[in-house]
Amino acid sequence: MAVKIVVGLQYGDEGKGRASHYESKKALVVIRATGGANAGHTVVANGKKYAMHLLPSSIIRPEVISLIGPGVVADIKILAEEITQMREAGVQIEYNNFGISERAHLVLPHHKQLDRLYEMLKREKVGTTGRGIGPAYEEKARRTNLRMYDLLQGEKHLVSKLEENLKVYEFLAEKANEFIKEYNLEETIFPRICVEEEYQHCLKYISVIREFIGDISEEIDYAITRGDIIIEGAQSFWLDNDHGDYPMSTSSNPNASGTASGAGIGPTLVDEVIGVMKAYTSRVGNGPFVCKIDGEVSEQLRKLGGEYGTTTGRPRDVGWLDLVMINHAKNPSGLTCLCVNHLDTIGKFDTIPVCVAYRYKGKEIQRVPIDKEKCKPVYRNFKGGWSTKGATSFEELPKEAQDYINFIEEYVGVPVKYIGIGPDEKQTIIKQS
Ligand code: GTP
Ligand code: IMP
Ligand code: MG
């Protein structure tokens, strides 16, 4: 019996989906804990590729109870469509293997419009996924947002909640449209979204999700004394609104503690924190990126790693592995082990630079300062040119690949538990159990 948290240590897309799915093999319950449909978890299993935005990656294991926690902001359209598509692909999603917390918040059409509006007004664009995440968390903090619970309380209740919730959008949209006209901006006008429209939107999707909405703490209480619980993170430490690259961050707390909180499990009950990272770095959206590379090499890495956003299709920026970032995230995350993905991808380069320090204000440092954008990388080169093909154990990996992993362990001071040598769940090497 153990509670394990799976979190990202870089800028998202480290392969948390595949790590969480792998861990869910022996689990009783898996809880998706934070963020919303900004996430795109890819799982390759049973010869199929699944891309999930809101459903926990365990959903493809019908024997596991998959839950959406109170920390999530869920776009009900995307959720309902994902459930339908998964069912069409033969995945079992029934009352007995899936639940949505009645406390989880809703993302509605006006949140996406607000996301666009805030980006329009921002001098330095965040480059959000446009999924309405910031505005939904903002309204949650403002205590006007709707929760899953509200969908089940009848027409009068829902309409009255929507009326209150939409007031600020109506006000802002009108002002924004005046602004667009005044400055002749090439921005699409913000539509009037009336209460009736969002009410109808809710009605359209509620039939698919209503049976799953409830108090998920009952399932957690049951599972906690009986089997493994996996808390599935989204985004990452460096996108965390408190600990990451604020304001180039997401609007939630995807660090390990925020993830536990989003699931509804207290810190003393957590046994393992699995930090997921790639053997290099990728970032989608804007913000500081110390080890970013450009030109032909970046193009090569992007292609080899398939670095195109699961949610937006945007080409991701790529760079070498930044161990200063990983090491900095170690204690705030309370890491107990690491999962290093894409060891196959990075091995295709003959020489692999790894960032072991930053040059900052005339000094060499091994911490990440708040003004990270002022840092330059100090690299140590590793010998690459390896192939991980066919390896089933750490010992079967080429010596150079072993050296690379051993160095990560040594530098961060945390053991590597899993190594990804390809996207398929079968291409996972267990280093330490
Ligand atoms: P977010 O929640 O959106 O941050 O996503 P995520 O952390 O679940 O990762 P995502 O699935 O978006 O991106 C990881 C990508 O790398 C996917 O396309 C995976 O199939 C792929 N992948 C994961 N591990 C490996 C690996 O070891 N080797 C290779 N070649 N691909 C991998
Ligand atoms: P938002 O979460 O859509 O508001 O986007 C804020 C920032 O987080 C942007 O830089 C996004 O690209 C980034 N982001 C949000 N979710 C993910 C994710 O799942 N993977 C990678 N980047 C993400
Ligand atoms: Mg992703």
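Up top you'll find the structure we're talking about.
Notes on the structure in this doc start here.

### Notes on the overall build of the chain
Consideration 1: In terms of regular secondary structure, the chain is built from 13 helices and 20 strands.
Consideration 2: Over its C-alpha trace the chain gives a radius of gyration of 22 Å, about what one expects of a compact globule, namely 22 Å for 433 residues.
Consideration 3: Principal-axis analysis of the C-alpha atoms gives the chain an extent of 65 × 55 × 40 Å.
Consideration 4: In the chain, which comprises 433 residues, the share counted as buried stands at 58%.

### With respect to the coordination of the magnesium ion (ligand 3)
By definition of the ideal shapes, four donors in a tetrahedron about a metal sit 109.5 degrees apart, and six donors in an octahedron sit 90 or 180 degrees apart.
Consideration 1: Each protein donor to the magnesium ion (ligand 3) is listed here as Asp-13 (OD) and Gly-40 (O); together their distances run 2.0 to 2.3 Å. One end of the pair, Asp-13, is in the loop between β1 (3-8) and α1 (16-23); the other, Gly-40, is in the loop between β2 (27-32) and β3 (41-45), with 27 residues separating them in the sequence.
Consideration 2: Residue class for Gly-40 comes out buried when judged on its relative accessible area of 14%.

### Considerations on the site of ligand 1
Consideration 1: Inspection of the region around ligand 1 gives 22 residues, with Asp-13, Lys-16, Gly-40, His-41 and Thr-42 positioned closest.
Consideration 2: Between Asp-344 and ligand 1, the recorded distance is 2.8 Å, taken from a side-chain N or O atom to a nitrogen atom.
Consideration 3: Gly-420 has a polar backbone atom sitting 3.0 Å from an oxygen atom of ligand 1.
Consideration 4: Summarising the interface, the protein chains cover 93% of the accessible area of ligand 1, which totals 660 Å² for the free molecule.
Consideration 5: If one sorts the elements of the shell around ligand 1 by residue count, α1 sits on top with three residues.
Consideration 6: Of the residues belonging to the shell around ligand 1, the class tally is three nonpolar, 13 polar and six charged.

### Observations regarding the site of ligand 2
Consideration 1: Asp-13, Asn-38, Thr-129, Thr-250 and Val-284 are the nearest of the 16 residues found near ligand 2.
Consideration 2: The separation between a nitrogen atom of ligand 2 and a polar side-chain atom of Gln-235 is 3.2 Å.
Consideration 3: Between ligand 2 and Val-284, the relevant distance is 2.8 Å, taken from an oxygen atom to a main-chain nitrogen or oxygen of the residue.
Consideration 4: The fraction of the free accessible surface of ligand 2 (460 Å²) that becomes covered by protein chains is 97%.
Consideration 5: Split into classes, the residues belonging to the shell around ligand 2 amount to five nonpolar, nine polar and two charged.

### Quick word on the packing of aromatic side chains
Consideration 1: One pass over the full model with this rule turns up ten aromatic pairs.
Consideration 2: Centre to centre, the rings of Phe-382 and Tyr-404 are 5.7 Å apart; their planes meet at 85 degrees, and the pair counts as edge-to-face. Note that Phe-382 is positioned in strand β18 (residues 376-383) and Tyr-404 in helix α13 (residues 399-412), a separation of 22 residues in sequence. Considered together, Phe-382 and Tyr-404 belong to a single accessibility category, that of buried residues.
Consideration 3: Through a chain of ring-to-ring contacts, three or more aromatic side chains come together here, namely Phe-382, Trp-386, Tyr-404, Phe-407 and Tyr-411.
Consideration 4: One Lys or Arg, Lys-25, reaches over the ring of Tyr-22 and ends 4.2 Å from the middle of that ring.
Consideration 5: Its end group placed over the ring of Phe-190, Arg-116 keeps NZ or CZ at 4.0 Å from the ring centre.

### Thoughts on the pairing of strand β15 (residues 337-341)
Consideration 1: With five of five residues buried, β15 is to be regarded as a mostly interior element.
Consideration 2: Residue alternation in β15 divides its side chains into two sets, Cys-337, Cys-339 and Asn-341 and Leu-338 and Val-340, and both sets are buried.
Consideration 3: Where strand β11 (residues 272-278) lies against β15, five bridges are found, and the strand directions are parallel. Bridging across to β15, Met-277 finds its partner in Val-340.
Consideration 4: For β15 and strand β19 (residues 416-420), the ladder comprises three bridges, and the chain directions are parallel. Bridge pairing in β19 links Leu-338 to Val-416.

### Some details on the sheet that holds strand β10 (residues 228-232)
In a beta sheet, neighbouring strands are held together by backbone hydrogen bonds and run either parallel or antiparallel to one another.
Consideration 1: Spatially, the ten strands line up as an open sheet ordered β9-β7-β5-β2-β10-β1-β11-β15-β19-β20, and their pairing is mixed. The open sheet has two free edges, formed respectively by β9 (213-214) and β20 (428-430), since each of these has just one partner strand.
Consideration 2: Bridging between β19 and β20 involves three bridges; their strand directions are antiparallel. Residue pairing for β20: Tyr-418 is matched across the bridge by Ile-430.

### Here's the deal with a nonpolar patch on the surface
Consideration 1: Side chains of Leu-121, Phe-179, Tyr-183 and Leu-185 sit close together on the surface and give an oily, nonpolar patch of about 380 Å² of accessible area.
Consideration 2: Here Leu-185 is to be found in the loop between α6 (155-182) and α7 (195-209).

### Some thoughts on unusual backbone geometry
Consideration 1: In this model, Tyr-246 is joined to Pro-247 through a cis peptide bond whose omega is 5 degrees.
Consideration 2: You can see Pro-247 is positioned in the loop between β10 and α9 (256-263).
Consideration 3: Even without a glycine there, the phi angle at Asn-184 is positive, about 55 degrees.
Consideration 4: Positionally, Asn-184 belongs in the loop between α6 and α7.
Consideration 5: Of note, Gln-235 is a non-glycine position whose phi angle comes to about 50 degrees, a positive value.
Consideration 6: Turning to its location among the elements, Gln-235 is positioned in the loop between β10 and α9.
Consideration 7: Overall, the relative accessible area of 9% leaves Gln-235 in the buried class.

Cut-offs and rules
- Residues numbered from 1 in each chain as written.
- Chains lettered and ligands numbered in written order.
- Predicted model: local features only at pLDDT ≥ 70, side-chain atom pairs only at ≥ 80, totals over all residues.
- Heavy atoms only, no water.
- Helix = DSSP H or I, 4+ residues; strand = E, 2+ residues; numbered from the N terminus.
- Rg over C-alpha atoms; globule rule 2.2 N^0.38 Å.
- Buried < 20%, exposed > 50% of the residue type's maximum accessible area, 1.4 Å probe, protein only.
- Donors = N, O, S within 2.8 Å, 3.2 Å for Na, K, Ca; no water.
- Near = heavy atom within 4 Å.
- Polar contact = N/O pair within 3.5 Å; in protein donor to acceptor, adjacent residues only side chain to side chain.
- Areas by Shrake-Rupley, 256 points an atom, 1.4 Å probe, with all protein chains shown as cover.
- Nonpolar A, V, L, I, M, F, W, Y, C, P; charged D, E, K, R; others polar.
- Phe/Tyr/Trp six-rings, centres within 6.5 Å; stacked < 30°, edge-to-face > 60°.
- Lys NZ or Arg CZ within 6 Å of the ring centre and 35° of its normal.
- Pairing = 2+ DSSP bridges.
- Patch = residues over 30% accessible without salt bridge, like charges linked within 9 Å, V, L, I, M, F, W, Y side chains within 5 Å.
- Salt bridge = Lys/Arg side-chain N within 4 Å of Asp/Glu carboxyl O.

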